[in-house]
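These are the residues of each chain, in order.
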Amino acid sequence: MHQILLFLALLAPLITASSGAHAENTDPGWSRPAVDFIRSPAGQELALADVLDSNRWESLPDSSPNFGYVTDTFWFRIKVKGSASRRILEVSYPHLDDIRFFIFRNTRLQNQVLTGDRRSFEQRPLQHPNFLVPLEAGEENIEVFIRVSTSGALQVPIRIWHQDAFFAHASVEDQLHAIYYGILITVIFFNLFIFLALRERTYLYYVLSTLGYLFLISTLRGITYPLLWPESPWLHNKAMLLSVPLTMVFALLFARNFLKIPSGSRRLDWLMQSVLAVNMAAIAGVFLLGYDTSIRLSVALAIPTCLLLTVVGPVQWWRGNRQAGLYTLAWTLLTAGSALTAANKYGLVPTSFTTVYAMQIGSALEAILLTIALAARLYQDREDRVAAREAELRAMAARRRAELRMMEQTLHHPLTGLPNRSSFEMLVQDHLNREYNRRHAVGLIQLKNLPTITRTLGHHNTDRLLKLVASRFNSIVRELPGMKVVELSERQQFHLASLESATFAFLMDADVARQFPERIALSLEQLKEPLDYLGMQLPLDPLTGVAIYPDHAGDTDALIRRAYIAQESDEARDRGLAYYESMRDSYSADRLTLVTELKQALADNQLTLFFQPKISLKSREIVGMEALIRWPGRDHSLTADQIIAVAEQTGLIKPLTRWVLENGLAARDCFLEYGYDFSISVNVSPNNLREPGFPLFVQRLMTSHCRHRGRIILEVTETSMMLDPVNSLKALQSLEAAGIPLSIDDFGSGYSSLSYIKQLPAKEIKIDRSLITDLALQEEDRVIVQTTIDMCQSLGYQVVAEGVEDEATANVLEAMGCDMIQGYVLTPPGSLTSILDWLAERGRQTSRGTG
């Protein structure tokens, strides 16, 4: 509103001055002469001579004639009294195509002026947008004849000015328009800068709309002709024709965007688009239609377009669009001014200051009001954007908190709160990438007794127990040398991760950890200690498996998988800790291939038995053979123990043991044919002892081979019996009751107790080769072996020493009272044929020695 008041304050004195200039004869500086006219219809052109002699002159009731849009030619006659001062004849309507002045003094033609919009601006006697003709000073009366023809509105407002008064008036009028143009130019640049800063089309449309009004008003006043194209009347006329529809097009675009018509009313938007299309057609008509038709069409379209632009504001305002208030007021003022100017062009209202300058006044007020509206919109948009940004920031913060919670949940076990598998895998992979030249140990701790505890105490207590276990285990492993931090938080350090509810994982520097075996052993014992819960001592039975990078695997997934395999091994069940061994990995690709091939080898009878003799130290006679399985055609690195391990892990041990027993009986048949009546020992897996039908199978087998009864010895390792001592003892007692001799193999490598040894229904004890290898050199080994021999013999067992490889060891054993030996000192294991040849050769040597 401050801008409006300022504009009116500046405008008031000029309006007063200009209005006084338009009053009837109140200013001595000018006068309106009496005007007579002759109307010459189109096609009935009158020459000057005809006009001079004509008696058809009519008097004009108004000294400012406005005939509207006509195609007739008009002649005007003015009589001016003589004066001692110079005067100026003004026709103050600048859009007449052809206007000719004939000046007579004392009935003699003194001067002739040809001008108009269709002629070069340079032809005008005075360089002014209006048509001016100077009248020389003199006492004689002057008679002026004016011929006018035009395609547009025919208005001939005529005034006689004193020269000084005219230039004073022109100066005032120029100041008035300078203020107007200044307002519009300021509005244009202000909104242009906003558009360049914000890149919002609303401000661009408003700039174009205001620029259109500026161009329209300056064209109507005739300013553009001398400034832009004074040598091109054609371009001036086309610019005049284009100014109206272009202004309407830009105004429609602005209103449609500013009031958000497309999103508010589909019907109203369709109407505005239709009017927009018609005005654009009017633009095209400028180049296709005649001047008279085009100017009539442009003005005719401008009136309903302005009315639409005025109506759309109240409609949107009524619908709750707050921005439509100032818009409505602005367009009401502009529409009123435009309509008044248009009515003046049609001759519907007389010419006056208000009718002449109505459009300028309305457009200036409209520009200021809409600038205020746009500023209010800019402020509101900024406030809305700030509010939206604040809401967005709040939403982002909430989303970030939710994401952090989700990430926390994604990377942590929901029960123990420890980092989960994903977090642990990322940690391991990060260490492998950063410290690829170091050895890293991935360890898994699995609580084997947890299912039993769950069935006993229920899931709720198990969940609480796991939280205690996680805290306790974390405090234990963090003291180990080389232990890596899995996660460092503000509250504590995590050295463990929860891969599953009953499985924890850790990462260590393998080279550092191997330097402190005592600390590792102590931690294992601490992990095995029962947990005090609800007054109960609950055994957790933790088993630990370890896989080392890069020895066992080169990536995170493989290391974790192989650590799982290690903790499921017999060694882990026996010692509580086991390292991964590739040949015991039944899940590797090579092992899977080996399983398939072993199954096929059993079906196709591709396996064979090798035999290693067992000799009595007292008689020096061969008293037995141990049957060892071999796989011809396979890699020699595949040992019998490895074949047995694969068979045990895959369920093939059952058919494999039966195959060995059957082929062992067939081999003994062969030995008997050659006169060798000694026993054959066959190794039995602990899996066979757990078979309910295994004792019955052996009994039936011996029944069908009566000649071998009591001569087939089943060997069972000490370690395998201790995995399930109760069931193993039952199975051995069943076999002994069936008359099957039994032997305890690898004695001294396990942890069996003397009380358990006494219960075994075995006839023979075989001392493990680990105690025999360095017997001749190690005093400690001799003490252990001597004690073992004495103890076993006192319990009624025959003692066999395995792995005897030289005579010195054999002599030491003989001196200790050992019953039998077995090993390379006699001969390496061989096939049935090679052992028969060895037996024959040994027999010949014995015969020669006796002879």
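About the criteria used
Residues numbered from 1 in each chain as written. Predicted model: local features only at pLDDT ≥ 70, side-chain atom pairs only at ≥ 80, totals over all residues. Heavy atoms only, no water. Pairing = 2+ DSSP bridges. Helix = DSSP H or I, 4+ residues; strand = E, 2+ residues; numbered from the N terminus. Buried < 20%, exposed > 50% of the residue type's maximum accessible area, 1.4 Å probe, protein only. Expected span 1.5 Å × (residues − 1). Patch = residues over 30% accessible without salt bridge, like charges linked within 9 Å, V, L, I, M, F, W, Y side chains within 5 Å. Areas by Shrake-Rupley, 256 points an atom, 1.4 Å probe, with all protein chains shown as cover. Salt bridge = Lys/Arg side-chain N within 4 Å of Asp/Glu carboxyl O. pLDDT = per-residue confidence, 0-100. Contact = heavy atoms within 4.5 Å. Disulfide = S-S within 2.5 Å. Axes fitted to C-alpha atoms, helices over the stretch in contact; angles between N-to-C directions. Parallel < 35°, antiparallel > 145°, perpendicular 65-115°, else oblique. Left-handed = near helix turned anticlockwise from the far one by under 90°.

## Here's the deal with the sheet that holds strand β5 (residues 73-80)
Taken together, 6 strands build an open sheet; the order of strands is β3-β2-β5-β10-β7-β8 and the sheet is antiparallel. With partners counted over all chains shown, the strands left at the sheet margins are β3 (58-59) and β8 (108-115), one partner each. Taken together, the 8 bridges between strand β7 (residues 98-105) and strand β10 (residues 142-149) define a ladder with antiparallel strand orientation. If you follow D98 over to β10, its bridge partner there is S149.

## Let's talk about unusual backbone geometry
Here the residue pair Y549 and P550 is connected by a cis peptide bond, since its omega of 0 degrees sits within 30 degrees of zero. Examined against the element boundaries, P550 turns out to sit in the loop between β20 (542-549) and α17 (556-567). Positive phi, normally seen in glycine, also occurs at N605, with a value near 55 degrees. Relative to the helices and strands, N605 is located in the loop between α19 (589-603) and β22 (608-616). With a phi angle near 60 degrees, R620 is a residue other than glycine that sits in the positive phi range. With respect to the helices, strands and loops of the structure, R620 is situated in the loop between β22 and β23 (622-630).

## Examining the pairing of strand β2 (residues 35-40)
Counting buried positions over the 6 residues of β2 gives 5, a clear majority of the element. Here β2 pairs with β5 via 6 bridges, running antiparallel. Within the sheet, the bridge partner assigned to D36 lies in β5 and is R77. As paired strands, β2 and β3 are joined by 2 bridges and run antiparallel to one another. Looking at β3, one finds that D36 is bridged to S59.

## Thoughts on helix α8 (residues 266-288)
In this model, α8 (23 residues) spans 33 Å end to end at C-alpha, consistent with the 33 Å of a helix rising 1.5 Å per residue. Among the residues of α8, those classed as buried are L268, D269, M272, V275, L276, N279, A282, I283, G285 and V286.

## Here we look at the environment of R382
Mapped onto the secondary structure, R382 falls in helix α11 (residues 353-411). By relative accessible area, R382 is classed as partly exposed at 41%. Linking R382 and Y579, residues 197 residues apart in sequence, is a C-alpha distance of 67 Å.

## Some thoughts on a nonpolar patch on the surface
A cluster of nonpolar side chains, namely W234, L235, F287, L288, L289 and L297, defines an oily patch on the protein surface of about 640 Å² accessible area. Those elements giving two or more residues to the nonpolar patch turn out to be α6 (233-258) and α8. For L297, the location among the structural elements is in helix α9 (residues 291-318).

## Observations concerning the confidence of the model for the protein
On average, residues of the protein carry a pLDDT of 81, and 92% of them reach 70 or more. No element of the protein has a lower mean pLDDT than helix α1 (residues 2-22), at 35, and none a higher one than strand β29 (residues 820-822), at 94. Segment residues 1-27 is flagged for pLDDT under 50; beyond a separation of four residues in sequence, or across chains, it makes 38 contacts in the model.

## Overview of the state of the cysteines
Every disulfide links exactly two cysteines, by a covalent bond between their sulfur atoms. Evaluated as defined, the whole model comprises 0 disulfides. Looking at C792, it has no disulfide partner, and the nearest cysteine sulfur is the one in C818, 9.8 Å off.

## Digging into the packing of α6 against α8
For any two helices packed against each other, the geometry comes down to the angle between their axes and how far apart the axes lie. Packing of α6 against α8 brings their axes to within 9 Å, and their N-to-C directions diverge by 165 degrees. In terms of orientation, α6 and α8 fall into the roughly antiparallel class. Of the two elements, α6 crosses α8, and the hand of that crossing is left-handed. Residues K238, L241, L242, P245, L246, M248, V249, L252, L253, A255 and R256 of α6 touch α8, and the partners they reach there are D269, M272, Q273, V275, L276, N279, M280, A282, I283, V286 and F287.

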